[in-house]
Amino acid sequence: MLGTGFRTGSPNWLDLGSPDTDAAARFYGAVFGWSFVSAGPEAGGYGFFQLDGKTVAALGPLTDEGAASAWMVHFMSPDIQATAQAVKDGGGRVRMEPMDVMGEGWLAQFTDPQGAEFASWQPGRTAGLELTSAENSLVWVELHVPDPVAALSFYSGPFGWRHEEMETPGMTYRVLSLTEGDKQQTSFGGIAPQGEGAGGGSAMVPRWVPYFHVSDVDATVSAVEGNGGAVLMPAADVPDVGRIAWASDPAGAVFALLKPNPQM
């Protein structure tokens, strides 16, 4: 599960681009109990989702014309220029070149060769999220792409991730872990074949999906629906994993819910 002792390749930041940040703040406040704190007038409407005073995610307005609302997973980089070069070398695209974010850190945004968007954060004054794996915070990230094997090859370039294959009904799931340390203890996410498993469907696009830890998946699903969101995959038990569901907020940003198996 995720922690906040970030190392190369760790998911260390998560933000939501929304066409209506006020509506998004209300929705996630109702679903997860988050409060929204503005980063200030110079931040262009960007700010932080907090839980008990700790940052669990961030929120900002969409800036690119035609952009769709989505969650963006960021991975820790100790050298963001080198990460950007590795993305290019692996056939990915740099959507936003590395930039200094007011001394808080360096940010760059990328698209992998199969079309999934992601970002990297090189810590400055801000290391990353202040709370993960607790209830109502980020606990897992998952990539859905047509070719998981090709994805593993690409992401090993910038981040050096390792993986373990896990056979599940109808597909092979690949559990990701950091380049050093115990594989299980440093696992943080997985890769699934696009259109299969959780949140499947032929209309699904390649993407990274954040999972949020909740104590009651069914109650949270009801809160999603009651506040204008949609359920993409109803709550279901997954052996050895826990109870999960997929949802989208009123603007269409996709996320997932997980009540982990206590043995995880």
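Scroll up a little and you will see the structure.
All of these numbers come straight from a predicted model, not from anything done at the bench. (Residues numbered from 1 in each chain as written. Predicted model: local features only at pLDDT ≥ 70, side-chain atom pairs only at ≥ 80, totals over all residues. Heavy atoms only, no water.)

### Description of the overall build of the protein
Helix and strand counts for the protein stand at four helices and 16 strands. Its C-alpha radius of gyration of 17 Å places the protein within 12% of the 18 Å reference for a compact globule of 264 residues. Principal-axis analysis of the C-alpha atoms gives the protein an extent of 40 × 40 × 35 Å. Of all 264 residues assigned to the protein, the portion counted as buried reaches 48%. (Helix = DSSP H or I, 4+ residues; strand = E, 2+ residues; numbered from the N terminus. Rg over C-alpha atoms; globule rule 2.2 N^0.38 Å. Buried < 20%, exposed > 50% of the residue type's maximum accessible area, 1.4 Å probe, protein only.)

### Topic: the pairing of strand β4 (residues 54–61)
When you tally the buried positions in β4, you get six out of eight residues, the bulk of the element. Across four bridges, the pairing between strand β1 (residues 11–18) and β4 is parallel. Across the sheet, Leu-16 pairs through a bridge with Leu-59, a residue of β4. Pairing analysis gives five bridges linking strand β3 (residues 47–51) to β4, with the strands arranged antiparallel. Directly across from Leu-51, in β4, lies its bridge partner Lys-54. (Pairing = 2+ DSSP bridges.)

### Brief notes about the sheet that holds strand β9 (residues 138–145)
Spatially, eight strands are ordered β10-β11-β12-β9-β13-β16-β15-β14 in an open sheet, and the strand pairing comes out mixed. Here the strands that pair on one side only, and so sit at the sheet edges, are β10 (162–168) and β14 (230–238). Averaged over neighbouring strand pairs, the angle between their axes works out to 25° when direction is ignored. Both β9 and strand β12 (residues 187–193) contribute to a ladder of five bridges, which runs parallel. The residue bridging Val-145 from the neighbouring strand is Pro-193, located in β12. Each of β13 (207–213), β15 (242–248) and β16 (254–260) touches helix α1 (residues 21–32); the most contacted strand, β16, lies at about 15° to it. Relative to β15, helix α4 (residues 217–226) is tilted by about 10°, and along the sheet it contacts β14, β15 and β16. (Axes fitted to C-alpha atoms, helices over the stretch in contact; angles between N-to-C directions. Contact = heavy atoms within 4.5 Å.)

### A few points about the nonpolar core
Ranked by size, the top nonpolar core spans 58 residues in total, and within it Tyr-28, Trp-34, Trp-71, Tyr-155, Trp-208 and Phe-255 carry the most contacts. Of the residues forming this core, the biggest block, six residues, is contributed by α1. Beyond its immediate stretch of four places on either side in the chain, Tyr-155 contacts Asp-112, Ala-116, Phe-118, Leu-143, Gly-160, Trp-161 and Trp-208. Core analysis: the next-biggest nonpolar cluster, separate from the first, contains 14 residues, Val-139, Ile-244, Val-254 and Leu-258 among them. (Core = buried A, V, L, I, M, F, W, Y, C linked by side-chain atoms within 4.5 Å.)

### Description of the environment of Val-231
Within the element layout of this structure, Val-231 appears in strand β14. Separated by 25 residues in sequence, Val-231 and Ala-256 have C-alpha atoms that sit 9.6 Å apart. Residues in contact with Val-231, not counting those within four places in the same chain, are Val-221, Glu-225, Trp-246 and Ala-247.

### Structural notes on the environment of Ile-244
In this fold, Ile-244 is placed in strand β15. Residue Ile-244 is classed as buried on the basis of its relative accessible area of 7%. Through-space distance from the C-alpha of Ile-244 to that of Ala-256 is 7.1 Å; in sequence the pair is 12 residues apart.

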